[in-house]
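Structure assessment
Listed below, chain by chain, are the residues.
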Amino acid sequence: MAFFVFNSASKMVSSPLVILGFILICVTLHCNSLAEAKANPRPNIVLILTDDLDVSIGGMHLPTILVISSVMKFVASPLCCPSRASILTGKYPHNHHVVNNTLEGNCSSTAWQKTQEPETFSAFLQKHGTYQTFFAGKYLNEYGSKKAGGVEHVPLGWDHWFALESNSKYYNYTLSVNGRAQRHGQNYSEDYLTDVLDKHWLIRQAKTPMTNSSVEFLDNAYRKRWRTLLSVDDLVEKVVRKLEVSGELSNTYIIFTSDNGYHTGQFSLPMDKRQLYEFDIRVPLLVRGPYIKPNQTSPLLIANVDLGPTILDIAGYNVNETQMDGMSFLPIMTGKGNSSTWRSDVLVEYEGEGSNISDPACPLLGPGVSECFPDCVCEDSYNNTYACVRTVSQAANLQYCEFDDNEVFVEVYNLTADPFQLSNIAKSIDQEVLEKMNHRLMMLQSCSGRSCRTPGVYDSQFRFDPQLMFSSLVPHRNKRRQMLK
């Protein structure tokens, strides 16, 4: 989890709230006096980002944020590092070039530090000198690697930095406290960090029914996830109460969301993320703040690439001054925007990972797969590389996906008629719709900045060019791989 705080008060907290695998980001208006702060009443911003919290586990129900508005939010990639990079930069993965959770996949690599960290919303705010910034929790999975500067590296844009080295841990972890290592043990009070289908072959290889041992394992994991969510709820309550006592609550935007979803047994897959289905790409998004009416839910389509633009909009900056792909949803939340002009689709991208050698525990599977559980059910593979257009409009609720494999396998789902995505309708849907969705996918995979905000297939302004039909995903993937070399 991670905690981002952007605050308009003249003082910053002197020590971090200790939080599990989540980010707390705070931004505070940079003022030399209370009088100056009152004369520049820009709002505080608190972004609370959980790790692997899907909608189905109950992520939309946080009683401690008493006045909230919720919206439908999807992630640009169902994996931690690419998704978090999209949140920080406001860009789709094909533009920030983070493809997985490894240094080789550009996760917190030196290339990321040089090319993308200067483009984050925190760097933008700090550059303009109007906000103080605070970060605590999980940053990117490979943060702190010795090959990328170690914990001494503090990314651009952060005045106060309390970041977890490497991936999520409950105990025995190391924090980077403004670039200095701080090691923690396993004392709870001091160290706990958060208080049959027509499917792609990777899904078909899952064993149905699941073994009793797998079911028992997943039941236990599900219970543990609920327990950690209770700790998250406790932390959110402390943040809200602290703001209330300090008199800053009415001038603070609080945003609660997650980096990606998670599955625990769906389609007989054991436990992971990475898949194109709703349980892995749809996450909670709850917001409260000035001029946002309580107890409202918006059906409009929000993506994690929209968080950066929205934070900059709250801070008074124009997203068009950046290279971000997303849009600010602040006007939608405050009732000042025109919902009829809002986007109707978003891009979801993932590049599969596999091992060059066979798993000794599962020799019959051969090389090319990864994340294999004891029952030899694998969660990922090299050709689990896909891109999707997720469409939500009055006319359609569709998902169109293409795999970068030998089959160029296609999956299409009508989420209105089939909310659990049981029936792939790629072979029965109207051919013209398929062609238009393929065309739109190619457009989004090559978009950048404003061109990512163009009308979708079900918008009246959509323009269809038959010459782009059924282009291969491979050129886009090869281009990305070349950029990482």
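Owing to the predicted nature of the structure, the values given are computational and were not obtained by experimental measurement.

**Structural notes on the pattern of salt bridges**
Evaluation of the coordinates by the stated rule reveals 14 salt bridges. Where Arg241 meets Glu244, a salt bridge forms, and the shortest distance between an N and an O atom there is 3.2 Å. Residue Arg241 and its partner Glu244 are located together in helix H9 (residues 212–246), separated by three residues, close to a single helical turn. Residue Arg343 is joined to Asp306 by a salt bridge in which the shortest nitrogen-to-oxygen separation is 2.7 Å.

**Description of the UniProt feature "modified residue: 3-oxoalanine (Cys)" (unreviewed entry) in the protein**
What UniProt calls "modified residue: 3-oxoalanine (Cys)" (unreviewed entry) maps, in this numbering, to Cys80. With relative accessibility at 2%, the residue Cys80 sits in the buried group. Contacts of Cys80, omitting those with residues within four sequence positions, involve Asp51, Asp52, Asn101, Lys138, Asn141, Asp259, Asn260 and Lys273.

**Section: the environment of Thr211**
As for its placement among the helices and strands, Thr211 is situated in the loop between helix H8 (201–204) and H9. In sequence terms Thr211 and Ser268 are 57 residues apart; their C-alpha atoms lie 9.7 Å from each other. In terms of polar contacts, Thr211 uses its side chain to reach the side chain of Ser214, at 3.0 Å. Within the local environment of Thr211, its side chain forms a polar contact with the side chain of Asp375, the two groups lying 2.8 Å apart.

**Here's the deal with the nonpolar core**
Within the largest apolar cluster, 45 residues are counted, with the highest numbers of intra-cluster contacts made by Tyr92, Leu276, Tyr277, Tyr386 and Leu441. In this structure Tyr277 touches Lys199, Ile203, Phe267, Glu411, Tyr413 and Gln421, once residues within four positions along its chain are discounted. Among the nonpolar cores identified, the runner-up in size contains 43 residues, and Val98, Ile292, Leu312 and Tyr317 belong to it.

**Thoughts on the pairing of strand E13 (residues 285–288)**
Residues of E13 alternate between two faces, with Leu285 and Val287 on one and Leu286 and Arg288 on the opposite face, all of them buried. Note: strand E9 (residues 252–258) against E13, four bridges, orientation antiparallel. When the sheet's bridge partners are listed, Thr257 is paired in E13 with Leu285.

**Brief notes about the state of the cysteines**
A complete count under the given rule lists five disulfides for this structure. At a sulfur-sulfur separation of 2.1 Å, the disulfide partner of Cys362 is Cys376. Classification of the bridge connecting Cys362 and Cys376 rests on its S-S torsion, roughly -95°, and on that basis the disulfide is left-handed. Linking Cys362 in the loop between strand E15 (345–350) and strand E16 (369–372) with Cys376 in the loop between E16 and strand E17 (378–381), this pair joins segments that are 14 residues apart in sequence. Each member of the pair, Cys362 as well as Cys376, carries the same accessibility label: buried. Two residues share a disulfide in this structure: Cys447 and Cys452, whose sulfurs sit 2.1 Å from each other. Torsion about the S-S bond of the Cys447 and Cys452 cystine: about 90°, corresponding to right-handed handedness. Judged on exposure class, the residue Cys447 and its partner Cys452 are both buried. Ordering the disulfide-forming cysteines of the protein by sequence position, one finds them joined as 1-2, 3-5, 4-6, 7-8, 9-10.

Here is what the cut-offs are and how they apply
- Residues numbered from 1 in each chain as written.
- Predicted model: local features only at pLDDT ≥ 70, side-chain atom pairs only at ≥ 80, totals over all residues.
- Heavy atoms only, no water.
- Salt bridge = Lys/Arg side-chain N within 4 Å of Asp/Glu carboxyl O.
- Helix = DSSP H or I, 4+ residues; strand = E, 2+ residues; numbered from the N terminus.
- UniProt positions renumbered as here; feature names shortened; annotations may be inferred.
- Buried < 20%, exposed > 50% of the residue type's maximum accessible area, 1.4 Å probe, protein only.
- Contact = heavy atoms within 4.5 Å.
- Polar contact = N/O pair within 3.5 Å; in protein donor to acceptor, adjacent residues only side chain to side chain.
- Core = buried A, V, L, I, M, F, W, Y, C linked by side-chain atoms within 4.5 Å.
- Pairing = 2+ DSSP bridges.
- Disulfide = S-S within 2.5 Å.

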